[in-house]
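Spelled out, the chains give:
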Amino acid sequence: MNFFRHRSLGLLAPALLIAVAGCSPAHDGGSVEAPRPDARTAPLCRKLHEVLPGKVDGERRSDPGPRSVYTAGWGGSAIILRCGVVRPPKMIDPEVAQGNDPNAIAGGVEGVDWLMEKQGDGVWRFTTANRRAYVELTLRGLSGPDDASPALIALAPAVKKAIPEGIASMRH
(Lines give C-alpha, C1' and ligand atoms only; values in the text may rest on other atoms or scores of the structure.)
Protein backbone atom coordinates (compact mmCIF):
# COMPACT_ATOMS: atom_id res chain seq x y z
CA MET A 1 0.00 0.00 0.00
CA ASN A 2 1.32 3.38 -0.91
CA PHE A 3 0.88 5.65 2.12
CA PHE A 4 0.94 8.89 0.19
CA ARG A 5 -1.41 7.88 -2.60
CA HIS A 6 -3.63 5.85 -0.27
CA ARG A 7 -4.30 8.95 1.84
CA SER A 8 -5.03 10.99 -1.32
CA LEU A 9 -2.31 13.44 -0.49
CA GLY A 10 -1.07 13.82 -4.05
CA LEU A 11 2.37 13.97 -5.58
CA LEU A 12 4.59 17.01 -5.50
CA ALA A 13 4.89 18.89 -8.74
CA PRO A 14 8.02 17.83 -10.61
CA ALA A 15 9.01 21.47 -11.06
CA LEU A 16 9.05 21.95 -7.29
CA LEU A 17 11.25 18.91 -6.86
CA ILE A 18 13.72 20.27 -9.36
CA ALA A 19 13.68 23.74 -7.82
CA VAL A 20 15.05 22.62 -4.46
CA ALA A 21 18.74 21.85 -3.65
CA GLY A 22 22.05 19.41 -1.31
CA CYS A 23 23.50 15.18 -0.49
CA SER A 24 22.87 12.25 1.78
CA PRO A 25 23.68 11.74 5.44
CA ALA A 26 25.41 9.03 7.41
CA HIS A 27 24.49 7.34 10.66
CA ASP A 28 26.87 5.11 12.56
CA GLY A 29 24.60 3.21 14.90
CA GLY A 30 24.63 4.83 18.35
CA SER A 31 25.66 8.27 17.20
CA VAL A 32 24.25 10.62 14.61
CA GLU A 33 26.25 12.98 12.46
CA ALA A 34 25.01 16.52 13.01
CA PRO A 35 24.42 18.48 9.83
CA ARG A 36 26.29 21.73 9.23
CA PRO A 37 23.62 24.11 8.01
CA ASP A 38 24.56 27.38 6.34
CA ALA A 39 23.92 30.78 7.96
CA ARG A 40 20.46 31.06 6.37
CA THR A 41 19.35 27.61 7.52
CA ALA A 42 20.88 27.37 11.02
CA PRO A 43 18.41 29.75 12.76
CA LEU A 44 15.47 27.82 11.31
CA CYS A 45 16.88 24.55 12.62
CA ARG A 46 17.51 26.04 16.07
CA LYS A 47 13.88 27.20 16.15
CA LEU A 48 12.71 23.71 15.14
CA HIS A 49 14.77 22.19 17.95
CA GLU A 50 12.93 24.42 20.44
CA VAL A 51 9.43 23.43 19.28
CA LEU A 52 9.88 19.68 18.78
CA PRO A 53 7.48 17.50 20.78
CA GLY A 54 8.53 15.48 23.81
CA LYS A 55 6.86 12.36 22.40
CA VAL A 56 6.54 11.07 18.85
CA ASP A 57 4.54 7.94 18.03
CA GLY A 58 4.49 6.98 21.72
CA GLU A 59 8.28 7.28 22.06
CA ARG A 60 9.89 9.70 24.53
CA ARG A 61 12.47 12.16 23.32
CA SER A 62 16.02 10.83 23.70
CA ASP A 63 18.41 12.90 21.60
CA PRO A 64 21.35 11.05 20.06
CA GLY A 65 24.99 11.85 20.68
CA PRO A 66 26.88 13.91 20.16
CA ARG A 67 24.33 16.48 21.33
CA SER A 68 23.41 19.10 18.76
CA VAL A 69 20.59 21.58 18.13
CA TYR A 70 20.50 20.09 14.62
CA THR A 71 19.56 16.55 15.74
CA ALA A 72 16.81 15.00 17.84
CA GLY A 73 15.59 11.51 18.59
CA TRP A 74 12.76 9.57 20.12
CA GLY A 75 12.88 5.97 21.36
CA GLY A 76 16.65 5.60 21.10
CA SER A 77 17.47 5.22 17.42
CA ALA A 78 13.88 4.37 16.38
CA ILE A 79 13.15 7.95 15.25
CA ILE A 80 15.99 10.32 14.34
CA LEU A 81 15.55 13.87 13.07
CA ARG A 82 18.31 15.96 11.47
CA CYS A 83 17.76 19.55 10.40
CA GLY A 84 19.88 21.37 7.86
CA VAL A 85 20.80 18.33 5.80
CA VAL A 86 21.63 18.70 2.14
CA ARG A 87 19.14 17.78 -0.54
CA PRO A 88 18.88 14.04 -1.21
CA PRO A 89 19.78 13.19 -4.82
CA LYS A 90 16.40 11.50 -5.35
CA MET A 91 14.63 14.79 -4.72
CA ILE A 92 15.47 15.93 -8.25
CA ASP A 93 15.33 12.50 -9.89
CA PRO A 94 12.77 12.61 -12.73
CA GLU A 95 11.88 8.95 -12.09
CA VAL A 96 10.72 9.87 -8.59
CA ALA A 97 8.79 12.91 -9.83
CA GLN A 98 7.00 10.70 -12.36
CA GLY A 99 6.26 8.00 -9.75
CA ASN A 100 8.51 5.43 -11.46
CA ASP A 101 10.89 4.69 -8.55
CA PRO A 102 9.50 1.98 -6.23
CA ASN A 103 11.89 3.01 -3.44
CA ALA A 104 11.18 6.76 -3.44
CA ILE A 105 8.01 8.80 -3.67
CA ALA A 106 7.01 12.35 -2.92
CA GLY A 107 3.87 13.26 -1.00
CA GLY A 108 2.49 15.32 1.83
CA VAL A 109 1.21 14.79 5.36
CA GLU A 110 -0.61 17.43 7.38
CA GLY A 111 0.63 20.29 5.20
CA VAL A 112 4.28 19.18 5.07
CA ASP A 113 5.69 17.78 1.82
CA TRP A 114 8.09 14.85 2.14
CA LEU A 115 10.31 12.72 -0.05
CA MET A 116 10.09 9.14 1.23
CA GLU A 117 12.99 6.79 0.53
CA LYS A 118 13.18 3.12 1.43
CA GLN A 119 16.63 2.52 2.91
CA GLY A 120 16.17 -1.22 3.41
CA ASP A 121 15.41 -3.64 6.23
CA GLY A 122 12.62 -1.62 7.84
CA VAL A 123 14.43 1.74 7.62
CA TRP A 124 12.75 4.65 5.86
CA ARG A 125 14.03 8.18 5.36
CA PHE A 126 11.73 11.16 4.91
CA THR A 127 13.07 14.57 3.85
CA THR A 128 10.98 17.72 3.78
CA ALA A 129 10.49 19.46 0.46
CA ASN A 130 9.28 22.95 -0.34
CA ARG A 131 10.61 24.32 2.96
CA ARG A 132 13.50 26.72 3.54
CA ALA A 133 15.49 23.98 5.28
CA TYR A 134 15.70 20.26 4.63
CA VAL A 135 14.58 18.24 7.64
CA GLU A 136 15.37 14.54 7.51
CA LEU A 137 13.49 11.96 9.55
CA THR A 138 14.81 8.39 9.73
CA LEU A 139 12.42 5.77 11.06
CA ARG A 140 13.57 2.26 11.95
CA GLY A 141 11.62 -0.93 12.42
CA LEU A 142 8.77 -0.14 10.04
CA SER A 143 7.01 -2.82 8.07
CA GLY A 144 6.16 -0.22 5.44
CA PRO A 145 5.68 3.49 4.85
CA ASP A 146 2.16 3.45 6.28
CA ASP A 147 3.75 2.88 9.71
CA ALA A 148 5.36 6.33 9.44
CA SER A 149 2.04 8.16 9.60
CA PRO A 150 1.97 8.76 13.38
CA ALA A 151 5.51 10.17 13.42
CA LEU A 152 4.93 12.42 10.40
CA ILE A 153 1.66 13.69 11.83
CA ALA A 154 3.27 14.35 15.24
CA LEU A 155 6.16 16.33 13.73
CA ALA A 156 4.17 18.32 11.16
CA PRO A 157 3.11 21.14 13.54
CA ALA A 158 6.73 21.77 14.64
CA VAL A 159 8.01 21.73 11.05
CA LYS A 160 5.28 24.13 9.92
CA LYS A 161 5.94 26.46 12.86
CA ALA A 162 9.74 26.60 12.52
CA ILE A 163 10.54 26.01 8.85
CA PRO A 164 8.70 28.35 6.47
CA GLU A 165 7.60 27.22 3.03
CA GLY A 166 10.04 28.11 0.28
CA ILE A 167 13.20 26.93 -1.35
CA ALA A 168 16.06 25.55 0.75
CA SER A 169 19.62 26.82 0.30
CA MET A 170 21.30 25.70 -2.90
CA ARG A 171 24.41 24.20 -1.26
CA HIS A 172 26.08 20.84 -1.67
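I will try to describe carefully the structure that is included in this document. A quick note: this is a predicted structure, and the numbers were derived from the prediction, not measured. (Residues numbered from 1 in each chain as written. Predicted model: local features only at pLDDT ≥ 70, side-chain atom pairs only at ≥ 80, totals over all residues. Heavy atoms only, no water.)

On the basis of which strands lie adjacent, the open sheet formed by six strands has the order E3-E4-E8-E7-E6-E5 and antiparallel pairing. Only two strands of the sheet have a single neighbouring strand rather than two, namely strand E3 (71–74) and strand E5 (104–109). Strand-to-strand twist of the sheet, defined as the mean angle between neighbouring strand axes without regard to direction, takes the value 20°. With six bridges connecting them, E5 and strand E6 (residues 112–120) associate as antiparallel partners. Its bridge partner being in E6, Ala 104 is matched across the sheet by Glu 117. (Pairing = 2+ DSSP bridges. Helix = DSSP H or I, 4+ residues; strand = E, 2+ residues; numbered from the N terminus. Axes fitted to C-alpha atoms, helices over the stretch in contact; angles between N-to-C directions.)

Here the focus is unusual backbone geometry. Gly 65 connects to Pro 66 through a cis peptide bond whose omega is -15°. Locating Pro 66 in the fold gives a position in the loop between strand E2 (59–60) and E3. A positive phi angle is found at Asp 57, which is not glycine, with a value near 50°. By secondary structure assignment, the location of Asp 57 is in the loop between strand E1 (55–56) and E2. In this structure, Asp 121 is a non-glycine residue whose phi angle is positive, near 50°. With respect to the element layout, Asp 121 can be found in the loop between E6 and strand E7 (123–129). Under the relative-accessibility criterion, Asp 121 is labelled exposed at 80%. (Buried < 20%, exposed > 50% of the residue type's maximum accessible area, 1.4 Å probe, protein only.)

Here Thr 71 shows up in strand E3. On the basis of relative accessible area, Thr 71 is assigned to the buried category, the value being 1%. In contact with Thr 71, other than residues within four places in its own chain, are Val 32, Glu 33, Ala 34, Pro 35, His 49, Asp 63, Pro 64, Pro 66, Leu 81 and Arg 82. (Contact = heavy atoms within 4.5 Å.)

Between the first and last C-alpha of helix H5 (residues 149–162) there are 20 Å, a value that for 14 residues agrees with the 20 Å anticipated at 1.5 Å per step. The largest bend along H5 measures about 35° and falls at Ala 156, with the proline Pro 157 one to four residues further on. Here H5 has its buried residues at Ser 149, Ala 151, Leu 152, Leu 155, Ala 156, Ala 158, Val 159 and Ala 162. (Expected span 1.5 Å × (residues − 1). Bend = angle between axes of the 7 residues up to and from the residue.)

The subject of this paragraph is the environment of Pro 35. Looking at the element boundaries, Pro 35 is found in the loop between helix H2 (14–19) and helix H3 (42–51). Look at Pro 35 and you get buried, because its relative accessible area is 9%. Spatially, the C-alpha atoms of Pro 35 and Gly 84 are 5.7 Å apart, while their sequence positions differ by 49 residues. Excluding its chain neighbours within four sequence positions, the residues that come into contact with Pro 35 are Tyr 70, Thr 71, Arg 82, Cys 83, Gly 84 and Val 85.

Our next topic: the packing of H3 against H5. Packing of H3 against H5 brings their axes to within 9 Å, and their N-to-C directions diverge by 145°. Judged by the twist between their axes, the crossing of H3 over H5 is right-handed. For the pair H3 and H5, contact is made by Leu 44, Lys 47, Leu 48 and Val 51 and by Ala 158, Val 159, Lys 161 and Ala 162, respectively. In the contact of H3 with H5, the residues fall into six nonpolar, no polar and two charged. (Left-handed = near helix turned anticlockwise from the far one by under 90°. Nonpolar A, V, L, I, M, F, W, Y, C, P; charged D, E, K, R; others polar.)

Our next topic: the state of the cysteines. This model, assessed by the stated rule, comprises one disulfide. One disulfide bridge connects Cys 45 with Cys 83, the sulfur atoms lying 2.1 Å from each other. The sign of the S-S torsion, about -75°, decides the handedness of the disulfide formed by Cys 45 and Cys 83: left-handed. One end of the pair, Cys 45, is in helix H3; the other, Cys 83, is in strand E4 (residues 79–83), and 38 residues separate them in sequence. Neither Cys 45 nor Cys 83 differs from the other in exposure class; each is buried. (Disulfide = S-S within 2.5 Å.)

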